[in-house]
Amino acid sequence: MDLYRIEPNSAGRKVLIIQDYFDVRDEKVHELDFDLIYFDLAHVHYNLVREMVSQTSPFVHRKFRMMPRFMSMLHFGHFERFSALLDGFAPSAFDNSVTQRAEEIIFQIEKLGAHNFYAQDMDENELFRRMCVFCFTRQDLSFTNTTIPTLRSGLSAVFAAYVLVRRMVGNDPNPDDSNIRAITNKFLEMEYITPTKFVERIHLCQMCGSDHLLFTECCNKCKSSNLKEEDMIHHFRCANISKESDYLFDDELRCPKCKRQLRHIGIDYDRPSKVQTCNECGAVQLHSEMKVICSKCGHHMQPLDLKPYDIFEYTFTPHGIRELCEHALL
């Protein structure tokens, strides 16, 4: 089987159909030889497919520009989380949905003049500019300022998918939401975007600004999370109230005060509440505290110390679209 083949679709566009793994960046096939890409790699290992998705990134390699990229439905389960980098999944490179969607994207590429976006040296600003133009060519003009999976959309979804696929093939580290927050602030200052809808309020680490936070209960006294929860027992006859562990004698419940055996709940005793005992310092408490640990920098803090941050949906303005298509982002 050939590594690839190029065939025209019903609209006369040349489709590069990739059938086996190879380094598409070094292959002799020229960028002008094809108009869109279809990954048909049913018999190729998942890791190698990821490598090819990374190699053909429209943000890095000049050969692939902003051109449409589609993938066989056979890969949907593995690559759904990268879907923001692709233009669809289809059973065939010549499926009507592929042809129609490719024509829409190519029309936008030509309308915006998005063929030659690789003159500047690559840095984070240029990466985001290319991602913005990618979104424009897909008529995806809104985004949220977070990469949290359930809240991201548009530019932030593209950025998250790009980071994921690059990290998985060992090309880049995994940055956090600070990148998206920084570029959002820059776009607001330059009047490239406008907020259109409040989405959610989240909280960030007071030290590093990360939203990767762990919440855990802790001892009021020593702040350890090594806690044991148990019932309190109220003995009706002598009115003693103690932890259940204080009542246990030879696998029976016996009152530590009057030594009588407790047989029937509701008649001899009840369980009015629970307490937590710290296995580190021995403190007993009805209600533990909550502490927050930043999974990025390791800082421990109280919930009230967290920094609130509002997630909005933003839309690119006509001014922003024009500037990002015509000029480098400084």
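Below you will find a few notes about this structure.

Definitions and limits used
Residues numbered from 1 in each chain as written. Predicted model: local features only at pLDDT ≥ 70, side-chain atom pairs only at ≥ 80, totals over all residues. Heavy atoms only, no water. Salt bridge = Lys/Arg side-chain N within 4 Å of Asp/Glu carboxyl O. Helix = DSSP H or I, 4+ residues; strand = E, 2+ residues; numbered from the N terminus. Buried < 20%, exposed > 50% of the residue type's maximum accessible area, 1.4 Å probe, protein only. Core = buried A, V, L, I, M, F, W, Y, C linked by side-chain atoms within 4.5 Å. Contact = heavy atoms within 4.5 Å. Polar contact = N/O pair within 3.5 Å; in protein donor to acceptor, adjacent residues only side chain to side chain. Pairing = 2+ DSSP bridges. Axes fitted to C-alpha atoms, helices over the stretch in contact; angles between N-to-C directions. Right-handed = clockwise from strand over helix to strand, strands pointing away. Parallel < 35°, antiparallel > 145°, perpendicular 65-115°, else oblique. Nonpolar A, V, L, I, M, F, W, Y, C, P; charged D, E, K, R; others polar. Phe/Tyr/Trp six-rings, centres within 6.5 Å; stacked < 30°, edge-to-face > 60°.

1. Structural notes on the pattern of salt bridges
Where charged atoms of side chains with opposite charge meet at close range, the side chains can pair.
Line of reasoning, step 1. Under the definition given, this model contains 12 salt bridges.
Line of reasoning, step 2. Arg-101 is the salt-bridge partner of Glu-104, the closest N and O atoms lying 3.2 Å from each other. Residue Glu-104 and its partner Arg-101 are both found in helix H3 (residues 96–112); the two are separated by 3 residues, about one turn of the helix.
Line of reasoning, step 3. The residue Glu-289 makes a salt bridge to Lys-223 at a minimum N-O spacing of 2.7 Å. Linking Glu-289 in strand E15 (residues 289–294) with Lys-223 in the loop between strand E8 (213–218) and strand E9 (227–235), this pair joins segments that are 66 residues apart in sequence.
Line of reasoning, step 4. The class for Lys-223 is partly exposed, based on a relative accessible area of 33%.
Line of reasoning, step 5. Several salt bridges share partner residues, and in doing so they unite Asp-231, Glu-244, Arg-271 and Lys-274 into one network.

2. Observations regarding the nonpolar core
Line of reasoning, step 1. Residues Ile-18, Met-131, Leu-155, Phe-187 and Phe-316 are the most contacted members of the largest nonpolar core, which totals 55 residues.
Line of reasoning, step 2. In this view, Ile-18 contacts Leu-3, Tyr-4, Val-24, Ile-37, Tyr-38, Phe-39, Asp-40, Leu-41 and Met-52; residues no more than four positions away in its chain are not counted.
Line of reasoning, step 3. Grouped together as the second largest cluster of nonpolar side chains are 9 residues, Ala-90, Ala-93, Val-98 and Ala-102 included.

3. Focus on the environment of Arg-138
Line of reasoning, step 1. Turning to its location among the elements, Arg-138 is positioned in the loop between helix H4 (124–137) and strand E6 (142–144).
Line of reasoning, step 2. Given the relative accessible area of 9%, Arg-138 is considered buried.
Line of reasoning, step 3. Taking C-alpha positions, Arg-138 is 9.2 Å from Pro-68, a pair spaced 70 residues apart along the chain.
Line of reasoning, step 4. Here Arg-138 is in contact with Met-66, Met-67, Pro-68, Arg-69, Asp-87, Arg-101 and Ile-105, once residues within four sequence places are set aside.
Line of reasoning, step 5. Within the structure, Arg-138 has its side chain in polar contact with the side chain of Thr-137 (distance 2.8 Å).

4. Digging into the sheet that holds strand E14 (residues 284–285)
Line of reasoning, step 1. Strand order in this open sheet of 4 strands is E10-E9-E13-E14, and the pairing throughout is antiparallel. Since the sheet does not close on itself, it has two edges, and those belong to strand E10 (241–243) and E14, each with one partner.
Line of reasoning, step 2. For E9 and E10, the ladder comprises 3 bridges, and the chain directions are antiparallel. Residue pairing for E10: His-234 is matched across the bridge by Ile-241.

5. So, the sheet that holds strand E4 (residues 69–72)
Line of reasoning, step 1. Reading across from one edge, E1-E2-E3-E4-E5 is the order of the 5 strands in this open sheet, with mixed pairing throughout. Every other strand in the sheet has two partners, leaving strand E1 (4–8) and strand E5 (89–90) as the edge strands with one partner each.
Line of reasoning, step 2. Relative to strand E3 (residues 36–39), strand E2 (residues 14–18) runs parallel, the two being bridged by 4 bridges. Across the sheet, the residue bridging to Leu-16 is Ile-37, located in E3.
Line of reasoning, step 3. Sitting on the sheet, helix H1 (residues 46–55) is in contact with E2, E3 and E4, with an inclination near 170° to E4.
Line of reasoning, step 4. Lying over the sheet, H3 contacts E3, E4 and E5, oriented at roughly 165° with respect to E4.

6. Concerning the pairing of E3
Line of reasoning, step 1. Burial along E3 is two-sided: Leu-36 and Tyr-38 and Ile-37 and Phe-39, pointing in opposite directions, are all buried.
Line of reasoning, step 2. Where E3 and E4 come together, 3 bridges link them in parallel fashion. Bridged to Tyr-38 within E4 is Phe-70.
Line of reasoning, step 3. Handedness of the E3-H1-E4 crossover: right-handed.

7. Quick look at the packing of H4 against helix H6 (residues 178–189)
Line of reasoning, step 1. Between H4 and H6, the shortest axis-to-axis distance is 12 Å and the interhelical angle comes to 75°. Of the possible angle classes, the one that applies to H4 and H6 is roughly perpendicular. Mapping the contact onto sequence places Glu-124, Asn-125, Phe-128 and Cys-132 in H4 and Asn-179, Ile-180, Ile-183, Lys-186 and Phe-187 in H6.
Line of reasoning, step 2. Of the residues assigned to the contact of H4 with H6, the class counts are 5 nonpolar, 2 polar and 2 charged.

8. Concerning the packing of aromatic side chains
Line of reasoning, step 1. Summed over all chains, the structure comprises 12 aromatic pairs.
Line of reasoning, step 2. For the ring pair Phe-198 and Phe-312, a centre distance of 5.6 Å and an interplane angle of 80° mean the geometry is edge-to-face. Placement of the pair is Phe-198 in strand E7 (residues 193–204) and Phe-312 in strand E17 (residues 307–316), with a sequence separation of 114 residues.
Line of reasoning, step 3. Relative accessible area serves as the criterion here: at 44%, Phe-198 is assigned to the partly exposed category.
Line of reasoning, step 4. A relative accessible area of 26% means that Phe-312 is categorised as partly exposed.

9. Details of the pairing of strand E13 (residues 269–278)
Line of reasoning, step 1. Bridging between E9 and E13 involves 8 bridges; their strand directions are antiparallel. Paired with Leu-227 across the strands is Cys-278, a residue of E13.
Line of reasoning, step 2. In terms of strand pairing, E13 meets E14 through 2 bridges, oriented antiparallel. Looking at E14, one finds that Thr-277 is bridged to Val-284.
Line of reasoning, step 3. Where E13 hands over to E14, the hairpin turn is made up of 5 residues, of which Gly-282 adopts a positive phi near 85°.

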